[in-house]
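# Architecture at a glance
Below, each chain spelled out in residue letters.
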Amino acid sequence: MYSREIKERLQSMTIEEKARLCAGKDFWQTWGDEGSGIPPMLMTDGPSGLRKQTEATDHLGLNESNTAVCFPAGCALASSFDPDLAEAVGTEIGKLARAENVGVVLGPSINIKRSPLCGRSFEYYSEDPYVSGKIAVGFIKGIQNQGVGASPKHFLANNQEYYRQTSNSVVDEVTMREIYLPAFEMAVKDGKPWTVMCSYNRVNGTYACENSLYLTDILRSEWGFDGVVVTDWGACNDPVESLQAGLDLEMPGPARDNVRRIEEAVKDGKVKMEILDRAVGRVLDIQQRAAKQECMPAYDFELGHAAAQKAAEESAVLLKNEEQILPLKKEDKILFIGEYADKPRYQGGGSSHIHPYRVTSAKSAVADMENITFAQGYCDQGKNNDRLLREAAELAKYADKVVIFAGLPEYFESEGLDRNKMDMPEYQNHLICEVAKVNPNMVVVLHNGAPVTMPWVNQVKGILELYLAGEAAGEAAVRLLFGDVNPSGHLAETFPLRVEDTPVYPYYGREKEDIIYREGLLVGYRYYGTVKKETLFAFGHGLSYSEFRYSNLQLDRREMTDCETLHVSVDVENISDRTGKALVQIYVEPLHGVSVRPVRELRAFEKTELKSGEKKKIHIRLDRRAFAQWDKGLHDWYVPEGSYAIQIGASAEQILHTAEVKVKPKYLKKERFTINSPMGDFKKSPKAMKLMGQFFPHMQEQQDEDIEDEFMNKKALEATSNAMPLRAMLSFAPGLTYEMLEQLVEAVNREGE
Ligand code: BGC
């Protein structure tokens, strides 16, 4: 809640003064308030660095911005599976923001990767809400511990770029609660961000910016958010509707016409003064918080660069390492191929595009190593270049090992533009295949913001997924390749074999009006695992130069209620001669029920460093939410009674150990019947069966006789009758009336009998 000074100030402000504060002053700033002495506040883009613009402004990454350290993009950072690392990155961005007098950094970007084709996949964290939430919380804490606000975005269901400003995301309640809301829920509850940015699109028919269900009922009343809801840039549709729904600030400003509409609505009594006061109070509150951070320490760019390098190293995922081709040996005769070895692709396009401090390439990082030669291989301009290919293939013949730096060109993936295929450019795939023909000892280093197909996967021995690793991509790649750093990243998204295998393939990016989330809960690994579809690399997959053994999975109980916490422990041992980091992934699989559910879901993870021979016991707690499903009847979380498998996975597809626990909900869901309830459900209730016997004593016998007489296939008959609504009995049971049935249903539903 805002301060007493702000409360008092609200008493003396005019409607005009207040309304003006509901929109920005210009592209990046809010208005100050002279009366209370609160100065304007500056916001700038993140999330992979700080994009502070001092001259021409824009929200598409077109114009220049001040120099900033460029950190790994969200796709990479999430692969670290390390919230502390995300916090360290957030801290650096927060420090620079302080030095630049920025009040709020617009990030993290935490939309779920519904399809690998989303143009902004590089910026988002994961296809899994738990991973997204955990990384987001770290990042937010990092920024905010510097006295700068964060702004998780884009709330909500903004999962494609195609028609992103006007389309309508149609998402059912269960899917929304289990897939699209939880990362924001964690970010808000545990990260306590100063602001949340609502998205451009509509959600179930209403613009996100004017959707009171999400902006007020869920965000504030349920999750306790007390900060400012700010629009995405240009997202405001109707300022009066938005204000009433819980929006506080429209950006960019000055949005004079919208401000006038707010003034008039308050003057006409259409909007209550308390509602305007509430928004203005919140805006002034964060401005006051920002203004309290007086000192602006100088930013140490070298330290920032070192942090970016560490983040890149911890995030890279070793996808394949046959015959231990990696790490490379210092004495090997090595050929680096590819334009990206010289000019790495290290960041995505759009509003997160920043002006880097110092970009390092792999080529420059090995400049003093005489045994490494370089061939350009391709020109990142979209076609095969025979001369460069022949040159590279010729040199490859004489190398012990070849490393090709490949990936996606910037024009393939960017904010505002979804991809229409998952393939890398043909000239790169062709190059890899051709070089592999002359030298089988080949490693591919990938620079891309989203999954790609790999037609050459079986022709190369090593694959290191670097993603868009920030300005220190080159140094990080070299240290990983040579084993100065041991890879420890894991995929936070599935790499499907083909784009056609993705759950949303038939309709993703083809609809511009209603975007119907038909796949429901089956997003990413939740889909591939459930339908048992083979993938290229599974969610959670990631190799290391070390080898780990997981054993002794223990649960502290075999039975529990959903009010208790399950303590899980597992031993992890480094059975190699190298220090490395292991990731414990805990999945929960319900072993009961027939509802359409993902086969298993990630419910906890922990990354830990182990020296050679070291063994550690990792303790993890699973609370109610690890077992809960959203119940659309109750409009709440509910834990169905039954057994659950607790699984340790090397990935979502490779389960190493399983233990079982029985969970009973403390409060059993009371099923309510109507005369339209299916017979089968009715018969499952002991109370219903008892009362049915009392109400209609001879009906049961009569039915059983009929079965013997007329039908051979009892099973089919049973299924048919179970599917019948109760009212169908009226047609089959002579003497039964509608009123009698209603009385029965009422008696069954009555509490306490
Ligand atoms: C993007 C936001 C960004 C804003 C300001 C919008 O186009 O969707 O992520 O923060 O512009 O640049």
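Note that this is a predicted model, so its numbers are computed, not measured.

For the protein, the count of helices and strands is 24 helices and 29 strands. Relative to a compact globule of 753 residues, whose C-alpha radius of gyration would be 27 Å, the protein shows 29 Å and is just as compact. For the C-alpha atoms alone, the extent of the protein along its principal axes is close to 95 × 75 × 50 Å. Here the protein holds 753 residues, and 61% of them are scored as buried. A total of about 30400 Å² of accessible surface is found on the protein, and carbon and sulfur atoms cover 49% of it. Across the protein, 89 positive and 112 negative side-chain charges occur, with their mean positions spaced 2 Å apart.

A few words on the sheet that holds strand β23 (residues 580–590). In spatial order, the strands read β21-β29-β28-β23-β24; together these 5 strands make up an open sheet with mixed pairing. Looking along the sheet, the strands with just one partner apiece sit at the ends: β21 (559–561) and β24 (601–610). Across the sheet, the axes of successive neighbouring strands diverge by a mean angle of 30°, strand direction being ignored. Summarising the sheet, β23 and β24 pair through 9 bridges and their orientation is antiparallel. Looking at the pairing, L583 lines up with K607 of β24.

A few words on the site of the ligand. As a matter of local geometry, the ligand sits amid 15 residues, with D45, R120, K153, H154 and D232 nearest to it. Interatomic distance of 2.7 Å between a side-chain N/O atom of R120 and an oxygen atom of the ligand. Among the residues making up the shell around the ligand, the classes are represented as 5 nonpolar, 3 polar and 7 charged.

This brings us to the side chain of T231. As for its position among the elements, T231 is in strand β9 (residues 228–231). Under the relative-accessibility criterion, T231 is labelled buried at 0%.

As a further point, take the sheet that holds strand β1 (residues 43–45). Taken in spatial order, the 3 strands line up as β1-β3-β4 in an open sheet, and their pairing is parallel. On the outer flanks of this sheet lie β1 and β4 (149–150), each paired with one strand and no other. Note: β1 against strand β3 (residues 104–106), 3 bridges, orientation parallel. In the strand pairing of β3, T44 is matched with V105.

Estimates place the volume of the second largest pocket at around 1000 Å³. The set of elements that each furnish at least two residues to the lining of the second largest pocket consists of α4 (83–99), α5 (129–144), α7 (182–191), β24 and β25 (615–622). Residue contributions to the lining of the second largest pocket peak at 9 residues, all from β24. A breakdown of the residues in the lining of the second largest pocket according to their chemical character gives 15 nonpolar, 4 polar and 20 charged.

Quick look at the confidence of the model for the protein now. Do not read the fine detail of predicted coordinates wherever pLDDT is low. Overall, the predicted model of the protein reaches an average pLDDT of 94, with 97% of residues at or above 70. Within the protein, strand β10 (residues 317–321) carries the highest mean pLDDT (99), whereas helix α21 (residues 699–710) carries the lowest (56).

Glancing now at the pairing of strand β22 (residues 566–574). In terms of burial, β22 is largely enclosed, as 8 of its 9 residues are buried. The pairing of strand β20 (residues 548–555) with β22 spans 6 bridges and is antiparallel. Note that in β22 the partner of F548 across the bridge is N574. Pairing of β22 with β25 involves 8 bridges; the strand directions are antiparallel. Residue pairing across strands places E573 opposite K615, the latter belonging to β25.

Thresholds applied
- Residues numbered from 1 in each chain as written.
- Predicted model: local features only at pLDDT ≥ 70, side-chain atom pairs only at ≥ 80, totals over all residues.
- Heavy atoms only, no water.
- Helix = DSSP H or I, 4+ residues; strand = E, 2+ residues; numbered from the N terminus.
- Rg over C-alpha atoms; globule rule 2.2 N^0.38 Å.
- Buried < 20%, exposed > 50% of the residue type's maximum accessible area, 1.4 Å probe, protein only.
- Areas by Shrake-Rupley, 256 points an atom, 1.4 Å probe, with all protein chains shown as cover.
- Lys, Arg positive; Asp, Glu negative; His and termini not counted.
- Charge placed at Lys NZ, Arg CZ, Asp CG, Glu CD.
- Pairing = 2+ DSSP bridges.
- Axes fitted to C-alpha atoms, helices over the stretch in contact; angles between N-to-C directions.
- Near = heavy atom within 4 Å.
- Polar contact = N/O pair within 3.5 Å; in protein donor to acceptor, adjacent residues only side chain to side chain.
- Nonpolar A, V, L, I, M, F, W, Y, C, P; charged D, E, K, R; others polar.
- 1 Å grid on protein atoms, 1.4 Å probe; cavity = no way out; pocket = protein on both sides within 12 Å on 5 of 7 lines; lining within 4 Å.
- Points joined across faces, edges and corners; volume = space filled by probe spheres on them.
- pLDDT = per-residue confidence, 0-100.

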